[in-house]
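Breakdown of the fold
Spelled out, the chains give:
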Amino acid sequence: MTASITTRYETIIGLEIHCQLGTATKIFCGCSTAFGAPPNTQVCPICLGHPGVLPVLNEQVLAFAVQTGLALNCTIAPYSKFDRKQYFYPDLPKNYQISQYDLPIAANGWLEIESPDEQGKFYRKRVTIQRLHMEEDAGKLVHAGAERLSGSDYSLVDFNRAGVPLCEIVSGPDLRSGAEAAEYAQELRRIVRYLGVCDGNMQEGSLRCDVNISVRPVGETRFGTKVEIKNMNSFNAIQRAIDYEAKRQITALENGERLVQETRLWDEASQRTVSMRTKEGASDYRYFPEPDLPPIQLTPDQIEHWRSHLPELPATKRHRYQEELGLSPYDSRVLTDERAMAEYFEGTVACGADPKLASNWITGDITAWLKTQKQDIRSLACRPSDLAELIGLIQAGTISGKIAKELLPELLANGGSPRALVEARGLTQVSDPELIGQWIDEVFAAHPQELSQYRSGKTKLFGFFVGKVMQKTGGRADPQRTNELLKQKLAP
Ligand SMILES: [Zn+2]
(Lines give C-alpha, C1' and ligand atoms only; values in the text may rest on other atoms or scores of the structure.)
Protein backbone atom coordinates (compact mmCIF):
# COMPACT_ATOMS: atom_id res chain seq x y z
CA MET A 1 0.00 0.00 0.00
CA THR A 2 1.40 3.39 -0.89
CA ALA A 3 1.75 6.22 1.61
CA SER A 4 -0.68 8.38 -0.37
CA ILE A 5 -3.54 5.96 0.34
CA THR A 6 -2.79 5.83 4.10
CA THR A 7 -2.70 9.63 4.32
CA ARG A 8 -6.20 9.84 2.82
CA TYR A 9 -7.49 8.06 5.94
CA GLU A 10 -7.55 8.92 9.58
CA THR A 11 -7.19 6.27 12.30
CA ILE A 12 -9.42 6.69 15.36
CA ILE A 13 -8.25 4.87 18.47
CA GLY A 14 -9.61 4.57 21.99
CA LEU A 15 -8.20 2.37 24.76
CA GLU A 16 -9.84 0.40 27.54
CA ILE A 17 -7.26 -0.40 30.17
CA HIS A 18 -7.78 -2.78 33.06
CA CYS A 19 -5.51 -2.16 36.04
CA GLN A 20 -5.33 -4.72 38.78
CA LEU A 21 -5.52 -2.76 42.02
CA GLY A 22 -2.73 -3.82 44.35
CA THR A 23 -4.74 -4.68 47.43
CA ALA A 24 -3.73 -7.62 49.63
CA THR A 25 -7.20 -9.16 49.42
CA LYS A 26 -9.91 -9.50 46.76
CA ILE A 27 -12.62 -6.94 46.09
CA PHE A 28 -15.55 -8.65 47.87
CA CYS A 29 -13.92 -11.28 50.13
CA GLY A 30 -10.80 -11.83 52.23
CA CYS A 31 -8.95 -14.16 49.82
CA SER A 32 -5.35 -13.26 48.94
CA THR A 33 -4.55 -11.66 45.58
CA ALA A 34 -0.90 -12.80 45.51
CA PHE A 35 0.28 -13.85 42.05
CA GLY A 36 1.61 -17.33 41.31
CA ALA A 37 -0.05 -19.48 44.02
CA PRO A 38 -1.05 -23.07 43.08
CA PRO A 39 -4.41 -23.13 41.24
CA ASN A 40 -7.61 -22.76 43.28
CA THR A 41 -5.83 -22.22 46.61
CA GLN A 42 -6.98 -18.60 47.01
CA VAL A 43 -10.72 -19.10 46.84
CA CYS A 44 -13.76 -19.09 49.14
CA PRO A 45 -17.56 -19.45 48.79
CA ILE A 46 -17.89 -15.70 47.96
CA CYS A 47 -15.45 -15.54 45.05
CA LEU A 48 -16.63 -18.98 43.86
CA GLY A 49 -20.18 -17.63 43.70
CA HIS A 50 -21.83 -20.12 46.01
CA PRO A 51 -25.52 -19.40 46.65
CA GLY A 52 -26.47 -17.39 49.72
CA VAL A 53 -23.13 -15.61 50.26
CA LEU A 54 -22.85 -11.83 50.56
CA PRO A 55 -20.09 -9.72 48.97
CA VAL A 56 -18.64 -6.83 51.02
CA LEU A 57 -16.69 -4.06 49.27
CA ASN A 58 -12.98 -3.85 50.18
CA GLU A 59 -12.51 -0.20 51.27
CA GLN A 60 -8.99 -0.09 49.89
CA VAL A 61 -10.37 -0.78 46.41
CA LEU A 62 -12.61 2.26 46.69
CA ALA A 63 -9.71 4.44 47.91
CA PHE A 64 -7.46 3.28 45.06
CA ALA A 65 -10.17 3.82 42.44
CA VAL A 66 -10.95 7.33 43.70
CA GLN A 67 -7.24 8.27 43.83
CA THR A 68 -6.78 7.05 40.27
CA GLY A 69 -9.85 9.00 39.16
CA LEU A 70 -8.52 12.15 40.81
CA ALA A 71 -5.08 11.68 39.25
CA LEU A 72 -6.83 11.45 35.87
CA ASN A 73 -8.64 14.76 36.51
CA CYS A 74 -12.01 13.01 36.68
CA THR A 75 -15.13 14.08 38.51
CA ILE A 76 -15.71 11.65 41.37
CA ALA A 77 -19.32 10.54 41.65
CA PRO A 78 -20.84 11.43 45.03
CA TYR A 79 -23.26 8.54 44.38
CA SER A 80 -22.40 5.40 42.43
CA LYS A 81 -23.35 1.74 42.49
CA PHE A 82 -22.41 -1.74 41.34
CA ASP A 83 -24.25 -3.68 38.63
CA ARG A 84 -24.37 -7.25 37.46
CA LYS A 85 -23.04 -7.89 33.98
CA GLN A 86 -24.54 -11.19 32.83
CA TYR A 87 -22.66 -13.60 30.66
CA PHE A 88 -21.84 -17.23 30.70
CA TYR A 89 -18.23 -18.30 30.51
CA PRO A 90 -16.47 -21.20 32.27
CA ASP A 91 -14.06 -18.89 34.13
CA LEU A 92 -16.92 -16.90 35.65
CA PRO A 93 -18.32 -18.97 38.53
CA LYS A 94 -21.36 -16.76 39.23
CA ASN A 95 -22.29 -16.40 35.54
CA TYR A 96 -22.26 -12.68 36.11
CA GLN A 97 -19.53 -10.20 36.88
CA ILE A 98 -19.98 -7.44 39.45
CA SER A 99 -19.05 -4.23 37.64
CA GLN A 100 -20.31 -0.66 37.36
CA TYR A 101 -22.53 0.32 34.46
CA ASP A 102 -24.39 3.63 34.32
CA LEU A 103 -22.99 5.23 37.49
CA PRO A 104 -19.22 4.68 37.50
CA ILE A 105 -17.12 5.96 40.39
CA ALA A 106 -15.28 8.50 38.17
CA ALA A 107 -15.85 10.14 34.77
CA ASN A 108 -15.00 13.06 32.48
CA GLY A 109 -11.27 13.40 33.06
CA TRP A 110 -8.17 13.76 30.95
CA LEU A 111 -4.56 12.67 30.82
CA GLU A 112 -1.73 14.52 29.08
CA ILE A 113 0.76 12.68 26.94
CA GLU A 114 4.06 14.12 25.77
CA SER A 115 5.59 12.20 22.94
CA PRO A 116 7.97 12.69 20.02
CA ASP A 117 6.53 13.23 16.53
CA GLU A 118 8.10 11.67 13.44
CA GLN A 119 10.82 14.35 13.46
CA GLY A 120 11.59 13.61 17.10
CA LYS A 121 10.10 16.90 18.30
CA PHE A 122 8.01 16.53 21.47
CA TYR A 123 4.37 17.60 21.51
CA ARG A 124 1.76 17.56 24.28
CA LYS A 125 -1.75 16.28 23.88
CA ARG A 126 -4.69 15.85 26.23
CA VAL A 127 -6.57 12.57 25.92
CA THR A 128 -10.05 12.50 27.43
CA ILE A 129 -10.93 9.87 30.02
CA GLN A 130 -14.56 8.98 29.56
CA ARG A 131 -14.96 6.88 32.67
CA LEU A 132 -13.28 4.79 35.33
CA HIS A 133 -15.10 2.01 37.12
CA MET A 134 -14.42 -0.78 39.60
CA GLU A 135 -15.10 -4.43 38.85
CA GLU A 136 -14.01 -7.94 39.73
CA ASP A 137 -11.73 -10.05 37.57
CA ALA A 138 -12.74 -13.47 36.23
CA GLY A 139 -10.77 -16.69 36.72
CA LYS A 140 -8.32 -18.07 34.22
CA LEU A 141 -8.74 -20.94 31.77
CA VAL A 142 -5.79 -23.19 31.06
CA HIS A 143 -6.21 -25.07 27.81
CA ALA A 144 -4.48 -28.39 28.23
CA GLY A 145 -3.48 -31.12 25.85
CA ALA A 146 -2.53 -28.93 22.89
CA GLU A 147 -1.36 -25.42 22.22
CA ARG A 148 -4.14 -24.64 19.76
CA LEU A 149 -7.13 -23.28 21.61
CA SER A 150 -9.64 -25.31 19.66
CA GLY A 151 -7.46 -28.40 19.58
CA SER A 152 -7.16 -28.81 23.37
CA ASP A 153 -8.33 -32.09 24.77
CA TYR A 154 -9.74 -30.32 27.82
CA SER A 155 -9.55 -27.05 29.74
CA LEU A 156 -8.78 -26.42 33.38
CA VAL A 157 -9.99 -23.44 35.34
CA ASP A 158 -8.10 -21.56 38.06
CA PHE A 159 -10.29 -19.30 40.21
CA ASN A 160 -7.44 -17.63 42.13
CA ARG A 161 -7.93 -14.55 39.97
CA ALA A 162 -11.74 -14.53 40.32
CA GLY A 163 -12.67 -11.52 42.43
CA VAL A 164 -9.32 -9.75 42.13
CA PRO A 165 -10.09 -5.99 42.05
CA LEU A 166 -9.77 -4.14 38.76
CA CYS A 167 -10.37 -0.63 37.65
CA GLU A 168 -11.23 -0.16 34.02
CA ILE A 169 -10.26 3.14 32.44
CA VAL A 170 -11.88 4.10 29.14
CA SER A 171 -10.35 6.82 26.98
CA GLY A 172 -12.15 8.95 24.43
CA PRO A 173 -11.54 8.22 20.72
CA ASP A 174 -8.73 10.79 20.73
CA LEU A 175 -5.66 8.82 19.72
CA ARG A 176 -4.53 8.85 16.09
CA SER A 177 -1.61 6.42 15.77
CA GLY A 178 -0.11 3.31 17.28
CA ALA A 179 2.70 5.41 18.75
CA GLU A 180 0.24 7.78 20.46
CA ALA A 181 -1.78 4.88 21.86
CA ALA A 182 1.36 3.22 23.23
CA GLU A 183 2.41 6.51 24.84
CA TYR A 184 -1.04 6.92 26.41
CA ALA A 185 -0.84 3.41 27.87
CA GLN A 186 2.66 4.09 29.21
CA GLU A 187 1.59 7.36 30.80
CA LEU A 188 -1.34 5.64 32.47
CA ARG A 189 1.03 2.97 33.75
CA ARG A 190 3.35 5.66 35.14
CA ILE A 191 0.43 7.31 36.92
CA VAL A 192 -0.88 4.15 38.61
CA ARG A 193 2.67 3.23 39.63
CA TYR A 194 3.28 6.73 41.06
CA LEU A 195 0.06 6.35 43.03
CA GLY A 196 1.09 2.88 44.19
CA VAL A 197 -2.32 1.49 43.25
CA CYS A 198 -1.11 -0.98 40.58
CA ASP A 199 2.30 -2.47 39.80
CA GLY A 200 1.66 -2.14 36.04
CA ASN A 201 3.17 -5.54 35.27
CA MET A 202 1.88 -6.41 31.79
CA GLN A 203 3.48 -9.86 31.71
CA GLU A 204 1.56 -10.94 34.81
CA GLY A 205 -1.61 -9.28 33.53
CA SER A 206 -1.74 -6.47 36.13
CA LEU A 207 -2.23 -4.03 33.27
CA ARG A 208 -4.25 -5.14 30.23
CA CYS A 209 -5.05 -3.01 27.23
CA ASP A 210 -7.90 -3.44 24.77
CA VAL A 211 -7.86 -1.21 21.74
CA ASN A 212 -10.85 0.09 19.78
CA ILE A 213 -9.86 1.12 16.32
CA SER A 214 -11.63 2.37 13.20
CA VAL A 215 -10.58 4.28 10.12
CA ARG A 216 -12.38 6.93 8.08
CA PRO A 217 -11.55 9.13 5.11
CA VAL A 218 -9.97 12.42 6.19
CA GLY A 219 -12.72 15.03 6.49
CA GLU A 220 -15.42 12.48 7.39
CA THR A 221 -17.02 13.22 10.76
CA ARG A 222 -18.88 9.94 11.35
CA PHE A 223 -16.94 7.05 12.82
CA GLY A 224 -16.16 3.96 10.76
CA THR A 225 -16.86 0.38 11.89
CA LYS A 226 -15.07 -0.26 15.17
CA VAL A 227 -12.88 -3.29 15.75
CA GLU A 228 -11.60 -4.28 19.17
CA ILE A 229 -8.12 -5.79 19.56
CA LYS A 230 -7.14 -7.80 22.63
CA ASN A 231 -4.17 -9.82 23.78
CA MET A 232 -1.31 -7.34 23.54
CA ASN A 233 1.14 -7.73 26.38
CA SER A 234 3.64 -4.95 25.72
CA PHE A 235 3.53 -1.30 24.65
CA ASN A 236 5.43 -2.26 21.57
CA ALA A 237 2.78 -4.86 20.69
CA ILE A 238 0.04 -2.23 21.11
CA GLN A 239 1.77 0.00 18.61
CA ARG A 240 2.38 -2.78 16.09
CA ALA A 241 -1.12 -4.23 16.43
CA ILE A 242 -2.69 -0.81 15.77
CA ASP A 243 -0.46 -0.05 12.81
CA TYR A 244 -1.23 -3.47 11.32
CA GLU A 245 -4.97 -3.19 11.94
CA ALA A 246 -5.25 0.34 10.50
CA LYS A 247 -3.60 -0.85 7.29
CA ARG A 248 -5.83 -3.92 7.15
CA GLN A 249 -8.97 -1.80 7.48
CA ILE A 250 -7.84 0.77 4.90
CA THR A 251 -6.96 -1.99 2.43
CA ALA A 252 -10.39 -3.58 2.94
CA LEU A 253 -12.17 -0.27 2.34
CA GLU A 254 -10.06 0.45 -0.73
CA ASN A 255 -11.05 -2.97 -2.09
CA GLY A 256 -14.72 -2.17 -1.54
CA GLU A 257 -15.14 -4.66 1.31
CA ARG A 258 -17.42 -4.07 4.30
CA LEU A 259 -15.79 -4.17 7.74
CA VAL A 260 -17.60 -6.02 10.52
CA GLN A 261 -17.73 -5.01 14.15
CA GLU A 262 -15.71 -7.74 15.83
CA THR A 263 -13.07 -8.61 18.39
CA ARG A 264 -9.68 -9.56 17.02
CA LEU A 265 -6.63 -10.99 18.76
CA TRP A 266 -3.07 -9.80 18.23
CA ASP A 267 -0.99 -12.79 17.21
CA GLU A 268 2.58 -12.03 18.25
CA ALA A 269 4.04 -14.93 16.29
CA SER A 270 2.62 -13.88 12.92
CA GLN A 271 2.45 -10.14 13.72
CA ARG A 272 -1.18 -10.02 12.58
CA THR A 273 -4.59 -9.51 14.11
CA VAL A 274 -6.95 -12.47 13.73
CA SER A 275 -10.72 -12.56 14.13
CA MET A 276 -11.97 -13.97 17.43
CA ARG A 277 -15.69 -13.26 17.64
CA THR A 278 -18.28 -10.70 16.71
CA LYS A 279 -18.72 -8.16 19.45
CA GLU A 280 -21.56 -8.16 21.97
CA GLY A 281 -23.40 -4.92 22.55
CA ALA A 282 -24.19 -3.64 26.07
CA SER A 283 -27.77 -4.90 25.73
CA ASP A 284 -26.53 -8.49 25.49
CA TYR A 285 -25.20 -8.25 29.04
CA ARG A 286 -28.57 -7.36 30.62
CA TYR A 287 -27.01 -5.16 33.30
CA PHE A 288 -29.05 -4.60 36.45
CA PRO A 289 -28.19 -3.09 39.86
CA GLU A 290 -26.34 -5.49 42.17
CA PRO A 291 -28.85 -6.15 44.95
CA ASP A 292 -26.29 -7.46 47.45
CA LEU A 293 -24.14 -4.31 47.64
CA PRO A 294 -25.31 -0.91 48.90
CA PRO A 295 -24.71 2.14 46.69
CA ILE A 296 -21.49 4.08 47.34
CA GLN A 297 -21.94 7.56 48.75
CA LEU A 298 -18.98 9.88 49.22
CA THR A 299 -18.87 13.24 50.95
CA PRO A 300 -16.86 16.19 49.55
CA ASP A 301 -14.61 15.91 52.63
CA GLN A 302 -13.73 12.30 51.86
CA ILE A 303 -12.91 13.17 48.26
CA GLU A 304 -10.77 16.18 49.33
CA HIS A 305 -8.93 13.98 51.80
CA TRP A 306 -7.90 11.62 48.99
CA ARG A 307 -7.04 14.54 46.72
CA SER A 308 -4.73 16.05 49.34
CA HIS A 309 -2.75 12.79 49.48
CA LEU A 310 -1.98 12.61 45.75
CA PRO A 311 1.74 12.72 44.91
CA GLU A 312 3.11 15.07 42.27
CA LEU A 313 2.37 13.23 39.02
CA PRO A 314 4.72 12.55 36.10
CA ALA A 315 3.28 15.20 33.74
CA THR A 316 3.56 17.92 36.39
CA LYS A 317 7.13 16.87 37.08
CA ARG A 318 8.01 16.94 33.36
CA HIS A 319 6.65 20.47 33.04
CA ARG A 320 8.53 21.62 36.11
CA TYR A 321 11.82 20.04 35.02
CA GLN A 322 11.58 21.73 31.64
CA GLU A 323 10.23 25.09 32.68
CA GLU A 324 11.96 25.61 36.02
CA LEU A 325 15.10 23.49 35.78
CA GLY A 326 15.82 23.94 32.08
CA LEU A 327 15.98 20.24 31.20
CA SER A 328 15.10 18.91 27.74
CA PRO A 329 11.78 17.11 27.14
CA TYR A 330 13.76 13.91 26.61
CA ASP A 331 15.69 14.12 29.90
CA SER A 332 12.54 15.09 31.83
CA ARG A 333 10.79 12.07 30.43
CA VAL A 334 13.56 9.63 31.33
CA LEU A 335 13.89 11.04 34.86
CA THR A 336 10.15 10.92 35.59
CA ASP A 337 9.46 7.47 34.17
CA GLU A 338 9.83 5.99 37.65
CA ARG A 339 8.86 7.92 40.75
CA ALA A 340 11.93 6.67 42.67
CA MET A 341 14.30 8.02 40.03
CA ALA A 342 12.51 11.38 39.93
CA GLU A 343 12.77 11.61 43.71
CA TYR A 344 16.48 10.73 43.64
CA PHE A 345 17.04 13.47 41.06
CA GLU A 346 15.06 16.02 43.07
CA GLY A 347 16.97 15.07 46.22
CA THR A 348 20.27 15.67 44.42
CA VAL A 349 19.15 19.07 43.14
CA ALA A 350 17.84 19.97 46.60
CA CYS A 351 21.39 19.35 47.91
CA GLY A 352 22.66 22.04 45.57
CA ALA A 353 23.66 20.09 42.46
CA ASP A 354 23.29 21.64 39.03
CA PRO A 355 20.10 20.05 37.53
CA LYS A 356 21.58 19.37 34.10
CA LEU A 357 24.69 17.70 35.56
CA ALA A 358 22.61 15.71 38.05
CA SER A 359 20.36 14.57 35.20
CA ASN A 360 23.36 13.48 33.11
CA TRP A 361 24.88 11.44 35.95
CA ILE A 362 21.59 9.79 36.91
CA THR A 363 20.31 8.95 33.43
CA GLY A 364 23.79 8.02 32.20
CA ASP A 365 26.42 6.34 34.38
CA ILE A 366 24.19 5.62 37.38
CA THR A 367 21.38 4.02 35.34
CA ALA A 368 23.93 1.91 33.44
CA TRP A 369 25.52 0.78 36.71
CA LEU A 370 22.14 -0.11 38.24
CA LYS A 371 21.32 -2.16 35.17
CA THR A 372 24.55 -4.18 35.18
CA GLN A 373 24.38 -4.68 38.96
CA LYS A 374 20.64 -5.53 38.77
CA GLN A 375 20.02 -3.00 41.52
CA ASP A 376 17.20 -0.61 42.23
CA ILE A 377 17.74 3.12 42.75
CA ARG A 378 15.73 2.85 45.98
CA SER A 379 18.41 0.65 47.55
CA LEU A 380 21.38 2.68 46.33
CA ALA A 381 23.99 3.22 49.08
CA CYS A 382 25.07 6.50 47.46
CA ARG A 383 22.57 9.08 48.69
CA PRO A 384 21.43 12.10 46.67
CA SER A 385 23.58 14.28 48.97
CA ASP A 386 26.66 12.18 48.08
CA LEU A 387 26.02 12.60 44.37
CA ALA A 388 25.54 16.35 44.86
CA GLU A 389 28.91 16.47 46.64
CA LEU A 390 30.61 14.60 43.79
CA ILE A 391 29.14 17.00 41.22
CA GLY A 392 30.29 19.92 43.39
CA LEU A 393 33.86 18.57 43.43
CA ILE A 394 33.94 18.45 39.63
CA GLN A 395 32.50 21.93 39.27
CA ALA A 396 34.99 23.35 41.75
CA GLY A 397 37.85 21.77 39.77
CA THR A 398 38.91 19.61 42.73
CA ILE A 399 38.67 16.48 40.60
CA SER A 400 38.30 15.90 36.87
CA GLY A 401 35.19 14.32 35.32
CA LYS A 402 37.36 11.34 34.46
CA ILE A 403 38.35 10.74 38.09
CA ALA A 404 34.70 11.14 39.12
CA LYS A 405 33.68 8.42 36.68
CA GLU A 406 36.37 6.14 38.08
CA LEU A 407 35.21 6.72 41.66
CA LEU A 408 31.54 6.28 40.84
CA PRO A 409 31.17 2.46 41.06
CA GLU A 410 32.73 2.46 44.53
CA LEU A 411 30.51 5.34 45.67
CA LEU A 412 27.40 3.68 44.28
CA ALA A 413 28.19 0.37 45.92
CA ASN A 414 29.32 1.69 49.31
CA GLY A 415 28.06 5.26 49.62
CA GLY A 416 29.95 7.72 51.77
CA SER A 417 31.47 11.13 51.20
CA PRO A 418 33.12 11.58 47.79
CA ARG A 419 35.30 14.36 49.27
CA ALA A 420 36.69 12.01 51.92
CA LEU A 421 37.35 9.35 49.29
CA VAL A 422 39.17 11.81 47.01
CA GLU A 423 41.36 12.99 49.91
CA ALA A 424 42.09 9.47 51.16
CA ARG A 425 43.17 8.41 47.65
CA GLY A 426 45.13 11.56 46.92
CA LEU A 427 43.09 12.13 43.78
CA THR A 428 42.74 15.87 44.05
CA GLN A 429 43.25 17.56 40.73
CA VAL A 430 46.55 19.40 40.34
CA SER A 431 46.46 22.85 38.74
CA ASP A 432 49.85 24.10 39.95
CA PRO A 433 51.66 25.20 36.74
CA GLU A 434 55.08 24.47 38.14
CA LEU A 435 54.24 20.87 38.99
CA ILE A 436 52.47 20.28 35.66
CA GLY A 437 55.42 21.88 33.84
CA GLN A 438 57.75 19.50 35.60
CA TRP A 439 55.63 16.50 34.54
CA ILE A 440 55.63 17.73 30.93
CA ASP A 441 59.42 17.99 30.97
CA GLU A 442 59.66 14.44 32.27
CA VAL A 443 57.37 13.22 29.47
CA PHE A 444 59.52 15.04 26.89
CA ALA A 445 62.67 13.44 28.36
CA ALA A 446 61.10 9.97 28.14
CA HIS A 447 59.98 10.45 24.51
CA PRO A 448 62.72 12.31 22.62
CA GLN A 449 61.77 10.72 19.29
CA GLU A 450 58.16 11.96 19.40
CA LEU A 451 59.39 15.35 20.49
CA SER A 452 61.66 15.74 17.49
CA GLN A 453 58.90 14.45 15.17
CA TYR A 454 56.55 17.07 16.60
CA ARG A 455 59.13 19.80 16.12
CA SER A 456 59.64 18.78 12.48
CA GLY A 457 55.92 19.27 11.77
CA LYS A 458 54.01 16.22 13.02
CA THR A 459 51.75 18.41 15.22
CA LYS A 460 49.05 15.80 15.68
CA LEU A 461 51.35 14.26 18.29
CA PHE A 462 50.02 16.96 20.65
CA GLY A 463 47.33 14.57 21.92
CA PHE A 464 50.01 11.94 22.55
CA PHE A 465 51.79 14.26 25.02
CA VAL A 466 48.52 15.18 26.76
CA GLY A 467 47.77 11.48 27.12
CA LYS A 468 51.20 10.75 28.57
CA VAL A 469 50.88 13.50 31.19
CA MET A 470 47.45 12.17 32.20
CA GLN A 471 48.72 8.61 32.33
CA LYS A 472 51.69 9.64 34.44
CA THR A 473 49.50 11.49 36.95
CA GLY A 474 46.58 9.08 37.06
CA GLY A 475 44.34 11.75 35.54
CA ARG A 476 45.06 14.27 38.31
CA ALA A 477 46.59 16.97 36.10
CA ASP A 478 44.09 19.72 35.30
CA PRO A 479 43.43 19.05 31.58
CA GLN A 480 42.96 22.70 30.65
CA ARG A 481 46.14 23.85 32.40
CA THR A 482 48.07 20.90 30.88
CA ASN A 483 46.94 21.90 27.40
CA GLU A 484 47.98 25.53 27.91
CA LEU A 485 51.43 24.64 29.28
CA LEU A 486 52.07 22.03 26.56
CA LYS A 487 51.26 24.63 23.89
CA GLN A 488 53.70 27.06 25.47
CA LYS A 489 56.49 24.53 25.75
CA LEU A 490 56.03 23.15 22.24
CA ALA A 491 55.78 26.55 20.60
CA PRO A 492 58.69 27.17 18.21
ZN1 LIG B 1 -12.79 -15.43 48.16
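Model, not experiment: these values are computed from the prediction. (Residues numbered from 1 in each chain as written. Predicted model: local features only at pLDDT ≥ 70, side-chain atom pairs only at ≥ 80, totals over all residues. Heavy atoms only, no water.)

1. Regarding the pattern of salt bridges
Just so we agree on the cut-off: The salt bridge definition used is simple: a Lys or Arg side-chain nitrogen within 4 Å of an Asp or Glu carboxyl oxygen. By the criteria applied, helices consist of DSSP H or I runs no shorter than four residues and strands consist of E runs no shorter than two, each listed in order from the N terminus. Note on classification: 1.4 Å probe, protein chains only; a residue is buried when its accessible area is under 20% of the maximum for its type, exposed when over 50%, partly exposed between these limits.
If you walk through the whole model with that rule in mind, you get 43 salt bridges. Note that arginine 84 and glutamate 290 form a salt bridge whose closest N and O atoms lie 2.8 Å from each other. Highlighted residues: arginine 84 in strand S4 (residues 83-86) and glutamate 290 in the loop between strand S15 (288-289) and strand S16 (296-297), separated in sequence by 206 residues. This pair shows no difference in class: arginine 84 is buried, exactly as glutamate 290 is. By sharing partners, the salt bridges in this structure join Glu114, Arg124, Glu183, Glu187, Arg190, Arg318, Glu323, Arg333 and Asp337 into a single network.

2. A short note on the domain arrangement of the chain
The following threshold applies: Throughout the structure description, domain borders are defined by an automatic or database domain assignment.
According to the domain assignment, the chain consists of domain 1 (3-302), domain 2 (312-425) and domain 3 (433-490). A C-alpha centroid distance of 33 Å is found between domain 2 and domain 3.

3. Focus on the environment of valine 227
We apply this condition: A contact between two residues is defined here by any heavy atoms of the two lying within 4.5 Å.
Mapped onto the secondary structure, valine 227 falls in strand S12 (residues 227-232). With 147 residues separating them along the chain, valine 227 and lysine 374 place their C-alpha atoms 41 Å apart. Setting aside residues no more than four positions away along its own chain, valine 227 makes contact with Val211, Asn212, Ile213, Glu245, Arg248, Gln249, Val260, Glu262 and Arg264.

4. Brief notes about the coordination of the zinc ion
For the record, the criterion: Only nitrogen, oxygen and sulfur atoms qualify as donors, and only when within 2.8 Å of the metal (3.2 Å in the case of Na, K and Ca); with water excluded, sites may look incomplete. Irregular is the label for any site that misses the other tests, which are tetrahedral for four donors with all angles between 85 and 135 degrees, and square planar for four donors or octahedral for six when opposite donors exceed 155 degrees and the remaining angles lie between 65 and 115.
Coordination of the zinc ion by the protein comes from Cys29 (SG), Cys31 (SG), Cys44 (SG) and Cys47 (SG), over a distance range of 2.3 to 2.4 Å. Given 4 donor atoms and angles of 101 to 115° at the metal, the environment of the zinc ion is assigned as tetrahedral. Sequence positions of the residues that donate to the zinc ion give the spacing C-x1-C-x12-C-x2-C. Here cysteine 29, found in the loop between strand S1 (9-20) and helix H2 (59-71), pairs with cysteine 47, found in the loop between S1 and H2; they are 18 residues apart in sequence, far enough to count as distant. Cysteine 47 gets classed as buried once you look at its relative accessible area, which sits at 5%.

5. Some points on the sheet that holds strand S6 (residues 106-116)
Rules: Strand pairing is assigned whenever DSSP detects at least two bridges linking the two strands. Think of each axis as a best-fit line through the C-alpha atoms, taken over the contacting stretch in the case of a helix, with angles from 0 to 180 degrees between the N-to-C directions.
Ordered by their spatial adjacency, 9 strands build an open sheet running S2-S6-S7-S10-S1-S11-S12-S13-S14, and the pairing between neighbours is mixed. This sheet does not close on itself; its edge strands, each paired only once, are strand S2 (75-76) and strand S14 (272-278). Bridge analysis of S12 against strand S13 (residues 262-267) gives 4 bridges, and the strand direction is parallel. Across the sheet, isoleucine 229 pairs through a bridge with arginine 264, a residue of S13. Of the strands in this sheet, S6 and strand S7 (122-136) are in contact with helix H6 (residues 314-323), which crosses S6 at around 40°.

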